[in-house]
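In case you want the letters, here they are:
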Amino acid sequence: SQITGMVSDVLVSEGQRVTRGQPLIAVERKELEALVVQAQGSVAQAEARMRQMTELTLPVAKENVLQAEATLKNAQATFDRTEQLARNDNATRAALDDARKGLDQARAQVNTTRFQVFTASPGGSDFVMAQTQLDQARANLEAARTRLGYATITAPRDGVLIARNVERGMVVQPGTTLLILAPAGDVQLVVDIDERNLGMLSLGQKALASADAFPSQRFAATVSYINPGVDITRATVAVKLTVPDPPPYITQDMTVSVDIEA
């Protein structure tokens with residue numbers, strides 16, 4: 001298991017042949033499902049925030065810029081007219097100050113609305129924050145879905161289950177062996193050869209093997225791997241042989257004897 005949890009069901013039994021991806025063990029998933037729902041809600045909120053940014057905030061900000069620019073144009077015209085009247089002594093100093101104040105306010109409003117457009121546009125601070133929140137929400141949802149997937153332990157490859165150390169109601173955690181799978185595929189023999197015979201070995205050599213349980217039934221094998229290192233505690237070399245046509249009685253961890261032709 002990749003998570004800690006209580007086993008709700010064991011879906012297979014010893015001796016059963018399984019295929020890659022087949023569910024083997026179910027771990028309690030209610031809490032993990034709740035986390036997925038919570039993460040989905042966060043994604044929905046973040047997506048709504050992005051839609052609000054692009055469909056409402058930005059268009060409104062652009063419209064405000066147009067209105068502010070129109071107000072600035074009127075304020076500029078009012079100031080120019082008042083300034084001309086003041087030169088001809090037809091407007092008071094207070095009227096000119098009011099016109100200048102209105103012009104400054106209009107300019108400030110244009111700058112403010114333009115900044116609002118910038119922040120709501122791609123690359124702007126508000127847009128970047130909203131996009132970051134959406135990315136984080138989606139990442140959290142993916143992580144929650146991944147953890148929910150861990151609630152179902154599946155077979156990593158085809159094979160036969162040869163041991164079972166788990167029952168319903170047990171609390172499992174990472175690092176604990178729950179099932180042992182003898183993988184399907186090519187049969188491989190692993191033997192330890194005395195290092196004194198290393199010079200007599202070569203890849204592709206033919207061999208005859210027999211299981212200790214069936215000593216009279218011999219089958220062909222071929223040397224396919226010679227370990228480049230020596231086990232210093234036993235003075236042996238690990239050699240692996242492939243069996244092109246394995247007999248049906250060969251099983252995982254069976255003891256065999258091998259004669260290699262040198």
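In this report, we go over the structure that sits alongside the text. (Residues numbered from 1 in each chain as written. Predicted model: local features only at pLDDT ≥ 70, side-chain atom pairs only at ≥ 80, totals over all residues. Heavy atoms only, no water.)

### So, the sheet that holds strand β2 (residues 17-18)
Item 1. The three strands are arranged β2-β5-β7 in an open sheet whose pairing can be described as antiparallel. Both outer strands of the open sheet, β2 and β7 (179-183), are each paired with one neighbouring strand and no more.
Item 2. Direction of pairing for strand β5 (residues 159-164) relative to β7: antiparallel, over a ladder of five bridges. The residue of β7 that forms the bridge with L161 is L181. (Pairing = 2+ DSSP bridges. Helix = DSSP H or I, 4+ residues; strand = E, 2+ residues; numbered from the N terminus.)

### Some points on the side chain of S121
Item 1. Along the chain, S121 falls in the loop between α2 (93-120) and α3 (125-149).
Item 2. A residue is classified by how much of its surface remains accessible, and S121, at 18% relative accessible area, is buried.
Item 3. Excluding its chain neighbours within four sequence positions, the residues that come into contact with S121 are L58 and F127. (Buried < 20%, exposed > 50% of the residue type's maximum accessible area, 1.4 Å probe, protein only. Contact = heavy atoms within 4.5 Å.)

### Digging into α3
Item 1. Taking 1.5 Å of rise per residue, 25 residues should cover 36 Å, and α3 covers 36 Å from first to last C-alpha, within 8% of that figure.
Item 2. Of all the residues in α3, the buried ones are F127, A130, L134, A137, L141, A144 and L148.
Item 3. Elements that come into contact with the buried residues of α3 comprise α1 (30-87), α2 and β4 (152-154). (Expected span 1.5 Å × (residues − 1).)

### Focus: the side chain of Q205
Item 1. In this fold, Q205 is placed in the loop between β8 (187-194) and β9 (206-211).
Item 2. The class for Q205 is buried, based on a relative accessible area of 12%.
Item 3. Among the polar contacts made by the side chain of Q205, one reaches the main-chain amide nitrogen of S202 at a distance of 3.0 Å.
Item 4. Beyond its immediate stretch of four places on either side in the chain, Q205 contacts M200, A221, T222, V223, I260, E261 and A262. (Polar contact = N/O pair within 3.5 Å; in protein donor to acceptor, adjacent residues only side chain to side chain.)

### Regarding the pairing of β9
Item 1. As paired strands, β9 and strand β10 (residues 218-226) are joined by five bridges and run antiparallel to one another. Within β10, the residue paired with S210 across the bridge is R218.
Item 2. Remark: six residues form the turn of the hairpin made by β9 and β10, two consecutive strands paired antiparallel.
Item 3. Bridge count between β9 and strand β12 (residues 256-260): five bridges; the pairing is antiparallel. Its bridge partner lying in β12, A209 is registered against V258.

### Quick look at the layout of surface pockets
Item 1. The volume enclosed by the largest pocket comes to roughly 560 Å³.
Item 2. In terms of lining, the largest pocket is formed by 23 residues, of which the most central are P183, V187, I250, T251 and Q252.
Item 3. Elements that contribute at least two residues to the lining of the largest pocket include exactly β5, β7 and β8.
Item 4. No other element matches the four residues that β8 contributes to the lining of the largest pocket.
Item 5. Among the residues forming the lining of the largest pocket, the class breakdown is 13 nonpolar, six polar and four charged.
Item 6. A volume near 190 Å³ is recorded for the second largest pocket.
Item 7. Lining the second largest pocket are 13 residues, with L24, I153, T154, P156 and L179 positioned closest to its centre.
Item 8. Among the elements that make up the lining of the second largest pocket, the one with the highest residue count is β7 (three residues). (1 Å grid on protein atoms, 1.4 Å probe; cavity = no way out; pocket = protein on both sides within 12 Å on 5 of 7 lines; lining within 4 Å. Points joined across faces, edges and corners; volume = space filled by probe spheres on them. Nonpolar A, V, L, I, M, F, W, Y, C, P; charged D, E, K, R; others polar.)

All we've got here are geometric facts, nothing functional implied.
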